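Chain and residue survey
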Amino acid sequence: LKFGNTGSGFSSEAVDINAECQADSDDFLCETQANLASYDGEQIEYWFELEDIAGNLVSSKKLAVDVDYTPPVINDFNFLVNGKFVNFFFDITEAHFQEIIYYDNLGSRPGWKQLCNKLINGICEKKISFSDGEHELDIKIIDKAGGFVESSAFFFTDSKKPKITRTGPKGGFASGEFEVQLREENPETLTLFVENSGGTTSHPLNLESECIPQNGGKQTCTTSVDLSPYDGEQIEYWFELVDR
């Protein structure tokens, strides 16, 4: 095997016919390895020379290939979850990019899937839909020479918007006791806001101690607020529910 270029020079490697070649009818199939590290990032040409026992010599056709010993480099990677969709952003340095693939360890049907198959000015941006729930991704950025670099991502997707189905009091008067009924499997925060001309105050609820699960995935939450500063005045109130 002979290989190289005019800039870095040419080299040769002897193929061990007994160890690296297998007979196939009247032909031989040979596979060998050569250290091309000194040509990293360059283009080389290679060819084979075969000599028989009588000294007859033949050369194969010369072929040009790019040498790539350097794995891809991740300059930046981030993602943004929006409901069931996840927007991925990669900034990659790789002259011979092949693809980005991912494996969801928590997926219902795990398997390697393609995320990107091309870069535009080193950038891959892709929006992918996931089923609701937790996801743990193994990510590989692979070049055409088989080199790769790995990353990971963990996130939670939820396509169902939270719902507030009822609030109280409704009778036109408030003594400080408030109630809210909500429907959400993954509530994160629940806040009561009280407002009048003097300003707005917020009162976070404790989801564990102030909420009781009901049938049909509902929860009823109650809280008590000191309304003495508003005695004799009119107020507005509302609840804000944020899911995971």
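In short, a report on the structure. Since the model is a prediction, treat every value here as computed from it, not as a measurement.

So, about the side chain of Thr220. Counting through the fold element by element, Thr220 comes out in strand β21 (residues 218–224). Apart from residues lying up to four places away in sequence, Thr220 is in contact with Glu179, Val180, Gln181, Glu210, Cys211, Ile212 and Gln214.

Counting residues in each nonpolar core, the largest one holds 18 residues, and the members touching the most others are Phe88, Phe90, Ile100, Leu115, Phe130, Leu137 and Ile139. Of all the secondary-structure elements, those providing two or more residues to this core are β10 (85–93), β11 (97–104), β12 (112–116), β13 (123–129), β14 (133–143) and β15 (148–157). In terms of residue count, β10 provides more of this core than any other element does, four residues in total. In contact with Ile139, other than residues within four places in its own chain, are Phe77, Phe90, Ile100, Ile101, Tyr102, Val149, Glu150, Ser151, Ser152 and Ala153. Core analysis: the next-biggest nonpolar cluster, separate from the first, contains 15 residues, Cys211, Cys221, Phe239 and Leu241 among them.

All right, on to the sheet that holds β15 then. As summarised here, the arrangement of the four strands in space is β12-β11-β14-β15, forming an open sheet in which the pairing is antiparallel. Only two strands of the sheet have a single partner each, and these edge strands are β12 and β15. Looking at each pair of strands side by side, their axes are set apart by 30° on average, direction ignored. Examined bridge by bridge, β11 and β14 share seven bridges and lie antiparallel to one another. Counterpart to Tyr103 in the pairing with β14 is Asp138.

A few words now on the environment of Lys84. Mapped onto the fold, Lys84 is located in the loop between β9 (73–82) and β10. Distance from Lys84 to Gly172, taken between C-alpha atoms, is 40 Å for residues 88 residues apart in sequence. With residues up to four places along the chain from it excluded, the contact list for Lys84 reads Ile128, Ser129, Phe130, Asp132, Thr157, Asp158 and Ser159.

So, about the sheet that holds strand β16 (residues 163–168). Taken together, four strands build an open sheet; the order of strands is β16-β17-β21-β20 and the sheet is antiparallel. Edge positions in the sheet fall to β16 and β20 (211–213), since each of these pairs with one other strand and no more. Going from strand to strand, the sheet's axes swing by 20° on average, the running direction of each strand aside. Direction of pairing for β16 relative to strand β17 (residues 177–183): antiparallel, over a ladder of five bridges.

About the cut-offs
Residues numbered from 1 in each chain as written. Predicted model: local features only at pLDDT ≥ 70, side-chain atom pairs only at ≥ 80, totals over all residues. Heavy atoms only, no water. Helix = DSSP H or I, 4+ residues; strand = E, 2+ residues; numbered from the N terminus. Contact = heavy atoms within 4.5 Å. Core = buried A, V, L, I, M, F, W, Y, C linked by side-chain atoms within 4.5 Å. Buried < 20%, exposed > 50% of the residue type's maximum accessible area, 1.4 Å probe, protein only. Pairing = 2+ DSSP bridges. Axes fitted to C-alpha atoms, helices over the stretch in contact; angles between N-to-C directions.

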